[in-house]
Amino acid sequence: MATVTLQNARKVGRPSPVLPRLFRLAIVVAMDSLVVWFLLKLAALGYYPFAAAIGIIALFVNVVLLRKETYPIRWMVVGLALMALFVIYPIIFTVWVAFTNYGEGHLITKEQAIDQLSKQTYLPPEGKAYAWTAFKSPEGEYALWLIGEGGNGYLARPGEPLAQPQPGELGVGELDASGIPQEIEGYERLNAFLAAADSNLTQVMFGEEGNTIQVRSPREAAELLPLYVYDRQQDAMIDQQTGLVYINLRGTFTTSSGQSLRPGFMESIGLDNFENFFISPALRGPLVQLVTWNFAFAILSLLLNFSLGLAIAVLFNDPDFPLKKLIRSLLIIPYTVPALITILIWRGMLNPELGVIDRALEGLFGWAPPWFTNAWWAKVAILLVNLWLSYPYFMLICSGALQSIPDELAEAATVDGASSWQRFWRITLPLLLVAVGPLLIASFIFNFNNFNLIYLFNAGGPPMANTPTPAGHTDILISYVYNLAFSGSRGVDYGFASAITIVIFFIVASITLFQFRYTRMWEEVSENV
Amino acid sequence: MKKSLSILLTLLVLLSMVLAACGATEEPAAEPTQPPAEPTAVPATAEPTEVPPTTAPTEPPAPVASLKIWADDTRTPILNALAEDFLTQYNVELVVEDLGRVQDIRTPMITAAPAGEGPDIFIGVHDWLGAMIESGLVTPIDLGAKADEFVPLSLEAFTYTDGQLYGVPYATENLGFFYNTDLVSEPPATWDEVLEIGRDLQVAGTVQYAIAIAGDPGYNSLPMQTAFGGYVFGQDENGAWNPSDIGLNSEGMIEAVTWMKGAVDEGLMPDTTDYETGHQLFETGQIPFLMAGPWALDRIRASGVPYAVTVFPDDGAPFLGVQGFMINAFSENVLLAQTFLTEYVATEEFMQQIYETGLRPSAFKSVLAETADPDLAGMGEAGANAVPMPNIPEMGSVWSAWNNGITLALTGEQTPEESMNDAAQQVSDLILGALAGMVNLPGSYQDQAGCGNQWDPACKATAMEQGDDGLYRLTVQLTAGDYEYKVALDGSWAVNYGSDGALDGPNYTLSLASDSEVTFVYDPESHLVTTETG
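Definitions and limits used
Residues numbered from 1 in each chain as written. Chains lettered and ligands numbered in written order. Predicted model: local features only at pLDDT ≥ 70, side-chain atom pairs only at ≥ 80, totals over all residues. Heavy atoms only, no water. Helix = DSSP H or I, 4+ residues; strand = E, 2+ residues; numbered from the N terminus. Buried < 20%, exposed > 50% of the residue type's maximum accessible area, 1.4 Å probe, protein only. Contact = heavy atoms within 4.5 Å. Areas by Shrake-Rupley, 256 points an atom, 1.4 Å probe, with all protein chains shown as cover. Phe/Tyr/Trp six-rings, centres within 6.5 Å; stacked < 30°, edge-to-face > 60°. Lys NZ or Arg CZ within 6 Å of the ring centre and 35° of its normal. Domains from an automatic or database assignment. Buried area = accessible area lost by both parts, 1.4 Å probe. Salt bridge = Lys/Arg side-chain N within 4 Å of Asp/Glu carboxyl O. Polar contact = N/O pair within 3.5 Å; in protein donor to acceptor, adjacent residues only side chain to side chain. Nonpolar A, V, L, I, M, F, W, Y, C, P; charged D, E, K, R; others polar. Disulfide = S-S within 2.5 Å. Pairing = 2+ DSSP bridges. Core = buried A, V, L, I, M, F, W, Y, C linked by side-chain atoms within 4.5 Å. Patch = residues over 30% accessible without salt bridge, like charges linked within 9 Å, V, L, I, M, F, W, Y side chains within 5 Å. Lys, Arg positive; Asp, Glu negative; His and termini not counted. Charge placed at Lys NZ, Arg CZ, Asp CG, Glu CD. Axes fitted to C-alpha atoms, helices over the stretch in contact; angles between N-to-C directions. Parallel < 35°, antiparallel > 145°, perpendicular 65-115°, else oblique. Left-handed = near helix turned anticlockwise from the far one by under 90°. Arc of directions from axis to C-beta.

Brief notes about the overall build of chain B
Each helix and strand in chain B was counted, giving 18 helices and 21 strands. Residues classed as buried in chain B amount to 54% of the 534 residues present. When contacts within chain B are restricted to residue pairs at least 6 apart in sequence, those whose partners lie at least 24 apart make up 71%. About 21800 Å² of surface is accessible on chain B, with carbon and sulfur atoms providing 52% of the total.

See below:
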């Protein structure tokens with residue numbers, strides 16, 4: 001009702017809004033021209049998927065800003081556009097990469113690989129190589145002074161046969177100590193850097209057709225021939241020297257006897273990445289153990305952190321608690337220090353040789369837990385550090401939620417003769433869970449994928465014995481696959497990593513769905529109250 | 001009506017903008033071609049034969065070209081200082097970009113270079129070569145006669161399996177053997193002596209341990225491993241790395257790990273191999289010996305502990321890491337970059353300047369010979385027999401298995417034999433990848449058997465299955481014709497058997513007069529295949 005009247009009021013109150021509309025139009029035009037310029041740039045560089053994504057977003061923004069019906073969501077349009085760009089596009093990209101072999105060894109596109117291979121040259125057995133010096137005419141034409149094996153000097157011009165002039169002939173001036181003419185008429189002698197500064201020099205063909213000489217490196221020009229030619233029909237590179245046919249085999253040109261060409265290129269490989277993860281016993285490794293610990297870690301972390309946070313919150317809910325404000329402020333401190341620093345500090349404090357905690361324990365009891373070398377103590381240490389990191393969060397949200405539970409309920413229960421224990425379990429906790437339930441799920445998911453903690457604290461150590469692939473006792477799924485995807489034989493394998501990410505996404509998504517069922521149950525509890 | 005009019009108007013304006021934008025993109029393309037034409041008239045000062053211009057050059061000419069260099073924070077200021085000199089000398093501009101630490105250059109290079117946004121030249125470490133070359137990101141360099149002026153090991157490090165040089169080295173880094181000069185007068189000659197000295201000092205109550213491994217145990221205890229004959233990858237007769245020869249479970253390696261375990265059991269070495277722990281212990285005089293690299297020199301100096309650096313006992317050899325300049329294969333100025341590296345970088349003046357702030361032994365012979373810093377000189381001696389870190393991509397599969405193997409032995413979870421055998425197995429499985437154990441029959445028939453290609457050793461449709469009798473079988477329906485095939489293991493061509501049952505042997509041939517169902521039977525003992533046509 002209120003909005004309707006407001007709109008009416010505006011209609012009546014304001015005359016036809018020409019100026020604002022023009023202003024809006026100007027903004028749209030400015031934005032569009034910027035986008036178009038950006039798109040052209042992107043297209044020129046070959047980023048078609050990205051250009052398409054930007055284009056669609058821009059179109060959407062245009063529609064929103066120009067259509068009257070969609071005008072109300074204009075306030076969200078920036079957020080939506082950014083979400084599309086930074087969340088949805090990466091997701092699409094990840095899914096796409098999961099079906100390719102993108103990774104070290106297969107980083108570049110097929111076109112780039114063919115282009116690079118086509119540029120490779122070889123020196124035929126009868127071909128000659130020379131040391132070269134470049135000369136350039138004011139018109140920009142090049143001539144090369146070549147020195148062959150026997151120390152003979154030759155003059156090479158594009159399209160003309162090789163000449164062997166003496167000083168004075170063909171405008172060739174006096175030779176210097178290294179046998180290079182100091183000047184050639186109509187040309188300027190270039191030093192090595194000036195000659196190399198023209199990136200086209202290597203493309204110039206000197207000498208007669210059929211017997212051309214090309215600059216190959218700063219010290220060599222030779223009668224080079226292209227080594228590989230791409231055959232579109234066979235999708236293969238043909239070696240011009242040996243006649244070998246290199247067929248495109250999953251992003252690497254390979255012969256039928258196994259020789260392959262560098263570089264490889266990005267190529268779609270279908271479901272191979274997923275299959276490799278599930279089928280291969282070598283890659284699956286100690287997956288059962290890891291997944292068990294992963295769930296145990298996430299659930300135990302949640303229980304411990306939540307219980308401690310709740311306990312403190314309940315304590316401080318008592319209005320008569322002494323020094324409440326001060327202690328509460330101190331207890332929040334762990335939450336305000338960046339986790340990165342906290343983890344490293346804990347790592348130092350638990351150090352068996354130098355750590356404060358271990359020194360103290362050893363002094364008191366003559367023994368300290370081997371936090372980094374024993375599997376069980378390492379798990380305890382991880383849970384401890386995580387407890388330190390997260391209890392203030394639960395303390396904060398529980399204090400807030402406790403405030404919202406009406407005191408009357410507790411009073412009524414007291415009148416009915418409930419003990420304080422019963423009051424907590426039957427009234428406070430169920431009501432509290434309604435409020436913090438979704439946050440618990442979020443926290444569970446966060447801990448399920450808590451890569452930072454594991455990786456920074458002990459990188460998944462200590463190592464597990466008798467495993468087909470390297471794994472640690474505190475490795476969770478995400479840290480294990482990180483190592484797996486980034487330490488394969490080819491180095492970093494983004495395709496494989498993306499595939500595993502998608503698998504983990506489905507695991508987490510199904511847990512979340514399952515848990516949402518439970519939160520709905522909690523909602524029913526609150527309705528009954 | 002008004003609405004559609006405004007939309008029409010917008011489109012018109014847009015169109016004009018598009019055209020304007022098109023025009024704008026045209027311009028920069030034309031720009032770079034112009035400047036080179038001009039300065040050719042400017043005589044280069046580098047050529048002594050050229051006469052300098054008589055008219056006083058009041059304003060500097062526009063540079064003929066520019067080279068973009070990605071460097072780390074130590075090298076950037078030096079390169080920037082040299083850029084001015086380079087510009088006046090050769091009229092070529094150097095644009096140096098600081099990317100932080102050396103290891104921070106690798107990832108941007110991998111993402112930016114294929115997109116055409118990389119530099120012309122970048123600084124890197126030689127063990128990136130595997131990934132960079134296999135991905136087509138770097139291009140070879142020919143040093144010619146200048147190669148003689150470099151430390152041979154540093155050039156070897158930048159040489160790939162194809163025998164080509166892919167970088168111009170400027171500095172080397174390796175572990176050195178540090179000892180506390182207050183506690184130890186003469187550096188020990190054998191590893192057993194290290195333990196003896198440590199034992200005596202421990203009994204006297206001066207120290208806690210004899211030595212500690214400071215960091216990942218694989219790399220950081222390599223001088224112990226090599227002293228007993230341990231190695232990581234073997235090399236073929238040409239010096240190229242052989243990834244199928246894994247030395248993690250070699251006799252020498254197991255002996256070395258057993259020795260290390262003995263030191264741990266005796267309380268002369270901690271079983272944790274933490275960087276911080278090892279350094280703290282040495283810097284506070286709690287251990288007399290330490291294996292550390294030049295990157296730790298600053299902190300050891302700052303700690304005030306009296307120390308000296310020397311060679312390892314028993315000729316133990318550390319890994320050698322070599323820093324150098326590499327050329328981006330996607331650069332548009334490859335020739336200029338090569339010229340820059342061979343003519344300007346590979347000179348004593350340049351190498352001297354880059355040595356002075358780097359705190360690393362130089363890779364240039366004449367600069368190394370004049371190293372005044374005793375620590376760096378000691379470091380250089382310790383690295384004289386160093387093994388260049390393998391630059392093949394397979395090295396990526398080694399690190400964690402190697403570290404885990406040693407850790408499991410030191411903490412007593414497994415015996416050294418067990419743990420190092422496991423480690424070697426893990427490395428070999430990681431190198432072979434997901435298809436380890438696959439027996440395949442690549443050949444010219446494969447496109448009829450459900451593979452997209454012929455001669456594909458990784459095609460899952462033609463993978464053979466092992467029966468209860470231990471033989472592998474594959475049955476396919478083929479049309480009449482002549483076919484060739486081979487046996488390949490583990491989904492790759494690395495291990496393949498021909499018709500004579502020998503490695504890399506000749507192809508099998510198969511002639512079918514009519515369409516038929518063929519069963520191939522492979523005997524893993526004899527490596528021979530028999531066919532049954534039905």
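Side note on the packing of aromatic side chains
By the definition in use, this model includes 56 aromatic pairs over all chains. Note on Phe-340 of chain B and Tyr-344 of chain B: the rings are 5.6 Å apart at their centroids and 25 degrees apart in plane angle, and the pair reads as stacked. Of this pair, Phe-340 of chain B and Tyr-344 of chain B both sit in helix α13 (residues 334–345), four residues apart, which is roughly one turn of the helix. Of the two residues, Phe-340 of chain B and Tyr-344 of chain B, both sit in the buried class. Of the aromatic side chains, those joined through ring pairs into one cluster are Phe-193 of chain A together with Phe-86, Tyr-90, Tyr-170, Phe-325, Phe-340, Tyr-344 and Phe-350 of chain B. Lys-379 of chain A extends its terminal NZ or CZ atom over the ring of Trp-376 of chain A, reaching a point 4.9 Å from the ring centre.

Some points on unusual backbone geometry
Residues and elements named next belong to chain A. The amide bond that connects Arg-262 to the next residue, Pro-263, takes the cis arrangement and shows omega of -10 degrees. A cis amide bond links Gly-461 with the next residue in sequence, Pro-462, at an omega value of -5 degrees. Position of Pro-462 relative to the elements: it lies in the loop between α16 (451–457) and α17 (477–486). Notably, Asp-235 is not glycine yet its phi reads approximately 55 degrees, a positive angle.

Re the domain arrangement of chain A
All names here are of chain A. In terms of domains, chain A is made up of domain 1 (18–98), domain 2 (122–225) and domain 3 (282–528). If you average the C-alpha positions of domain 1 and of domain 3, the two centres end up 39 Å apart. With four residues of domain 1 at the contact, the number on the domain 3 side is five residues. When domain 1 packs against domain 3, the two sides together hide about 330 Å² of surface, and 81% of this comes from carbon and sulfur.

Let's talk about the interface of chain A and chain B
Contacts between chain A and chain B engage 80 residues on the former and 90 residues on the latter. Summing both sides of the interface, chain A and chain B together bury roughly 7200 Å²; the carbon and sulfur share of this comes to 60%. The interface formed by chain A and chain B contains seven salt bridges. Between Glu-104 of chain A and Arg-106 of chain B there is a salt bridge whose closest N-O contact spans 2.9 Å. Here chain A and chain B share 18 residue pairs in polar contact (both at pLDDT 80 or more) between them. No other element matches the 10 residues that helix α2 (residues 18–45) of chain A contributes to the side of chain A that touches chain B. Its residues placed into classes, the side of chain A that touches chain B shows 36 nonpolar, 28 polar and 16 charged.

Observations concerning the state of the cysteines
Residues and elements named next belong to chain B. Applying the stated rule across the entire model yields one disulfide over all chains. Residue pairing for Cys-451: its cysteine sulfur links by disulfide to Cys-459, the two sulfurs lying 2.0 Å apart. The S-S bond linking Cys-451 to Cys-459 shows a torsion near -90 degrees; that makes this disulfide left-handed. Cys-451 sits in the buried class, given a relative accessible area of 7%.

Considering the sheet that holds strand β21 (residues 528–533) of chain B
Taken together, the four strands give an open sheet; going across it, the order is β14-β15-β20-β21 (chain B), and neighbouring strands pair in antiparallel fashion. Each end of this open sheet is capped by a strand with a single partner; those strands are β14 (465–466) and β21 of chain B.

Examining the nonpolar core
Core analysis: the biggest nonpolar cluster contains 166 residues, and Trp-132 of chain A together with Phe-178, Leu-248, Phe-325, Phe-340 and Trp-402 of chain B have the highest contact counts within it. Counting 42 residues, the second-largest nonpolar core is a separate cluster that includes Phe-274, Leu-429, Val-436 and Met-464 of chain A.

A short note on a negative patch on the surface
A grouping of Asp-148, Glu-149, Glu-348, Glu-349 and Glu-370 of chain B is seen on the molecular surface, where their side chains present a negatively charged patch. The residue Asp-148 of chain B is located in the loop between α5 (129–134) and α6 (152–157) in this model.

Considering the packing of helix α14 (residues 407–415) of chain A against helix α15 (residues 420–448) of chain A
Residues and elements named next belong to chain A. α15 packs onto α14 with a crossing angle of 160 degrees between their chain directions and a minimal axis gap of 11 Å. When the interaxial angle is binned, α14 and α15 end up roughly antiparallel. Seen along the crossing, α14 lies across α15 with a hand that is right-handed. In this structure, α14 contributes Leu-409, Ala-410, Ala-413 and Thr-414 to the contact, and α15 contributes Arg-423, Ile-427 and Leu-431. Residues belonging to the contact of α14 with α15 are distributed by class as follows: five nonpolar, one polar and one charged.

Details of the side chain of Thr-272 of chain B
Assignment of secondary structure puts Thr-272 of chain B in the loop between α10 (251–265) and α11 (275–283). Contact partners of Thr-272 of chain B, with chain neighbours within four places excluded, come to Pro-352, Glu-353 and Thr-373 of chain A together with Ile-213 of chain B.

Quick notes on helix α14 (residues 348–358) of chain B
Residue and element names in this part refer to chain B. Buried within α14 are the following residues: Phe-350, Met-351, Ile-354, Tyr-355 and Gly-358. End-on view of α14: buried residues confined to an arc of 130 degrees, all on one side of the axis. Away from the buried face of α14 by more than 90 degrees, exposed residues Glu-349 and Glu-356 are located. Where α14 is buried, its residues meet α3 (75–90), β4 (168–173), β11 (319–327), α13, α15 (365–369) and α16 (374–382). Just downstream of α14 lies Leu-359, where phi reads positive at about 55 degrees.

Points about the side chain of Thr-474 of chain A
Tracing the chain through its elements places Thr-474 of chain A in the loop between α16 and α17. Not counting chain neighbours up to four residues away, the residues in contact with Thr-474 of chain A comprise Trp-293, Ala-378, Lys-379, Ile-382, Ile-454, Asn-458, Gly-460 and Gly-461 of chain A.

Some thoughts on the pairing of strand β10 (residues 236–239) of chain A
Strand residues, when the strand is regular, have side chains that alternate between the two faces of the sheet. Residue and element names in this part refer to chain A. Neither face of β10 is open: one carries Ala-236 and Ile-238, the other Met-237 and Asp-239, and all of them are buried. For strand β9 (residues 228–231) and β10, the ladder comprises four bridges, and the chain directions are antiparallel. In the sheet register, Asp-231 faces β10, and the bridge partner there is Ala-236. Where β9 folds back onto β10 in an antiparallel hairpin, the turn is made up of four residues, including Asp-235, whose phi is positive at roughly 55 degrees. Relative to strand β11 (residues 245–249), β10 runs antiparallel, the two being bridged by three bridges. Pairing of Ile-238 across the sheet is with Val-245, part of β11. Counting the residues in the hairpin turn of β10 and β11 gives five residues, including Gly-243, whose phi is positive at 80 degrees.

Here we look at the pattern of salt bridges
Evaluation of the coordinates by the stated rule reveals 24 salt bridges over all chains. A single salt-bridge network, built from bridges that share partners, covers Arg-250, Asp-272 and Glu-275 of chain A together with Asp-456 and Lys-460 of chain B.

A look at the sheet that holds strand β13 (residues 439–440) of chain B
All names here are of chain B. Spatially, β13-β17-β18 is the arrangement adopted by the three strands of the open sheet, whose pairing is antiparallel. At either end of the open sheet lies a strand with only one pairing partner, and these are β13 and β18 (496–497). Of the strand pairs in this sheet, strand β17 (residues 487–489) and β18 are connected by two bridges, and their pairing is antiparallel. Among the inter-strand pairings, Ala-488 is bridged to a residue of β18, identified as Asn-496.

So, the pairing of strand β2 (residues 129–136) of chain A
Residue and element names in this part refer to chain A. Summarising burial for β2: six of the eight residues are buried, a large majority. Strand direction decides the pairing type here: β2 and strand β7 (residues 220–222), joined by two bridges, are antiparallel. Across the sheet, Ala-129 pairs through a bridge with Ala-222, a residue of β7. Both β2 and strand β3 (residues 142–147) contribute to a ladder of six bridges, which runs antiparallel. The residue bridging Ala-134 from the neighbouring strand is Leu-144, located in β3.

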